[in-house]
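Summary of structural features
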Amino acid sequence: MSDSLHTLVAACRHAEDIKKSRFLAQSAPVATPEQALAFVREVSAADATHNCWAYRIGQEYRFNDDGEPGGTAGRPILQAIESQGFDRVAVVVTRWYGGIKLGAGGLARAYGGTAAECLRTAERVAIVATVRLGLSCDFAELALLKARLRELGAEPTQEQFGAHGVTLELELPAQRVAEAEQRIADLSRGRITARRMD
């Protein structure tokens, strides 16, 4: 995953009037295709002429022209997502027809432009690639290990206590994995070896 990809901090919206048609772009961060489609259903306006949309989540993407001529709505919305370096985002552009036809080029500019402006003004956050590590340690070592690994951005995702110690799973930024593995070895004097869970 590229370091330059971003997602939205929160849902946002942007409206424009273009040749008497009203365009409303609404976007939101999404983690799964199911969340993206739920967002589309949630914000689509029943009284609108068209509710066109697109989403991208990693390598998965979909778009829909909702009755507009093929390639004039969904694809330009997807291009707006991609051209601004977004991932894990869904965008719905709703149109209320105002009586003036825009033509294929005009539609593509209206849908893509409204989506792009919505995303341009939104608050964004970088997507950081993460890795899951697993390790086993004695009860006495747990607190120190967790505290020292948290300094590297590691967050515990699971702890299992057994008769002989604790099995711990952590999630941390991918670029800190080597440092975390070294810190675990140093703190345990080489007794504990972290294993990648991904």
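A short tour of the structure in this document, coming up. (Residues numbered from 1 in each chain as written. Predicted model: local features only at pLDDT ≥ 70, side-chain atom pairs only at ≥ 80, totals over all residues. Heavy atoms only, no water.)

**Description of the sheet that holds strand S6 (residues 89-96)**
- As summarised here, the arrangement of the five strands in space is S2-S3-S6-S4-S5, forming an open sheet in which the pairing is antiparallel. Where the open sheet ends on each side, the last strands, each with one partner, are strand S2 (12-18) and strand S5 (60-64). Pairs of neighbouring strands in the sheet enclose a mean axial angle of 15°, with direction left out of account.
- With five bridges joining them, strand S4 (residues 50-57) and S5 adopt antiparallel strand pairing. Within S5, the residue paired with Arg 56 across the bridge is Tyr 61. (Pairing = 2+ DSSP bridges. Helix = DSSP H or I, 4+ residues; strand = E, 2+ residues; numbered from the N terminus. Axes fitted to C-alpha atoms, helices over the stretch in contact; angles between N-to-C directions.)

**Comments concerning helix H4 (residues 139-150)**
- An ideal rise of 1.5 Å per residue puts 16 Å on twelve residues; H4 measures up with 17 Å between its terminal C-alpha atoms.
- For H4, every residue scored as buried is listed here: Glu 141, Leu 142, Leu 145 and Leu 149. Looking straight down H4, one finds its buried side chains confined to an arc of 115°; they lie on one side. Counted as exposed and oriented over 90 degrees from the buried face of H4: Ala 140 and Ala 143.
- If you follow the buried residues of H4, they end up packed against strand S8 (130-137), strand S9 (155-162), strand S10 (165-173) and helix H5 (177-187). (Expected span 1.5 Å × (residues − 1). Buried < 20%, exposed > 50% of the residue type's maximum accessible area, 1.4 Å probe, protein only. Arc of directions from axis to C-beta. Contact = heavy atoms within 4.5 Å.)

**Details of unusual backbone geometry**
- Residue Lys 19 is not a glycine yet carries a positive backbone phi of 50°.
- By the element assignment, Lys 19 lies in the loop between S2 and strand S3 (21-29).
- With a relative accessible area of 54%, Lys 19 lands in the exposed category.
- The phi dihedral of Lys 20 falls on the positive side, at around 70°, and the residue is not glycine.
- Relative to the helices and strands, Lys 20 is located in the loop between S2 and S3.

**A closer look at the packing of aromatic side chains**
- One pass over the full model with this rule turns up three aromatic pairs.
- Judged by centre distance (6.3 Å) and plane angle (5°), the rings of Phe 139 and Phe 161 are stacked. In this pair, Phe 139 is assigned in helix H4 and Phe 161 in strand S9, connecting sequence segments 22 residues apart.
- The partly exposed category is assigned to Phe 139, whose relative accessible area is 44%. (Phe/Tyr/Trp six-rings, centres within 6.5 Å; stacked < 30°, edge-to-face > 60°.)

**Things to note about the sheet that holds S9**
- Ordered by their spatial adjacency, four strands build an open sheet running S9-S10-S8-S11, and the pairing between neighbours is antiparallel. Strands at the two margins of the open sheet, each flanked by one partner only, are S9 and strand S11 (195-196).
- Looking at chain direction, S9 and S10 are connected through seven bridges and run antiparallel. Following the sheet pairing, Gln 160 is matched in S10 by Thr 167.
- Running at roughly 175° to S9, H4 makes contact with S8, S9 and S10 of the sheet.
- In this fold H5 packs onto S8, S10 and S11, with an angle of close to 10° to the strand it touches most, S8.

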